[in-house]
Amino acid sequence: RIKAYKGVARGIIGRAPTITQGFLGRLKSIVGGNIAAYAKTCEQARQQAYDALLQHAREMGANAIVGMRYDASEVVSEGFATELLCYGAAAVIEQEQ
């Protein structure tokens, strides 16, 4: 049971591929297929954004996240990078006994 809402908690990460990942990604985009190096980078970014979300929620005094979501956008600035945002409502819930 939710006792209180603390507001929106978020974790945000900016990631750019390595030179090798960028080269392999461009090559794969020509021939098609899964880009394993990108997938690994994306999963690491998701985990880091999630961890940052949890930390922010703790700092707000919450012990739960309600309605968590991910959002990503491409940021172009002398190359490219991806911004990954993980967010949700920070809440205090009753602990089950």
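Scroll up for the structure.
This text gives an overview of the structure that appears in the document. (Residues numbered from 1 in each chain as written. Predicted model: local features only at pLDDT ≥ 70, side-chain atom pairs only at ≥ 80, totals over all residues. Heavy atoms only, no water.)

Re the overall build of the protein chain
What counts here: Only runs of H or I of at least four residues qualify as helices and only runs of E of at least two qualify as strands under DSSP, and these elements are numbered from the N terminus. Relative accessible area decides the class of each residue, using a 1.4 Å probe on protein chains only: under 20% of the type maximum gives buried, over 50% gives exposed, and in between gives partly exposed. Here the Shrake-Rupley method, with its probe set to 1.4 Å, supplies the accessible areas, and only the displayed protein chains count as covering residues.
Helix and strand counts for the protein chain stand at two helices and three strands. Seen in sequence order, the protein chain has helices and strands lined up from the N terminus as β-α-α-β-β. Within the protein chain, buried positions represent 22% of all 97 residues. Carbon together with sulfur atoms contributes 54% to the accessible area of the protein chain, which is approximately 6900 Å² in total.

Considerations on the sheet that holds strand β2 (residues 64-75)
The test is simple: A pair of strands is labelled paired if DSSP reports no fewer than 2 bridges between them. Every angle, taken between N-to-C directions, lies between 0 and 180 degrees, and every axis is a line fitted to C-alpha atoms, over only the stretch in contact when it is a helix.
Read from one edge to the other, the open sheet built from three strands follows the order β1-β3-β2, with strand pairing classed as antiparallel. Each end of this open sheet is capped by a strand with a single partner; those strands are β1 (2-15) and β2. The sheet shows a mean angle of 15° between the axes of neighbouring strands, direction not considered. Bridge count for β2 against strand β3 (residues 81-93) is 10 bridges, and the pairing is antiparallel. Bridge assignment links alanine 72 to a residue of β3, and that residue is leucine 84.

What to know about the pattern of salt bridges
The test is simple: When a carboxyl oxygen of Asp or Glu is within 4 Å of a side-chain nitrogen of Lys or Arg, the pair counts as a salt bridge.
By the definition in use, this model includes one salt bridge. Between arginine 46 and glutamate 43 there is a salt bridge, with its nearest N and O atoms 3.1 Å apart. Of this pair, arginine 46 and glutamate 43 both sit in helix α2 (residues 36-59), separated by three residues, roughly a single helical turn.

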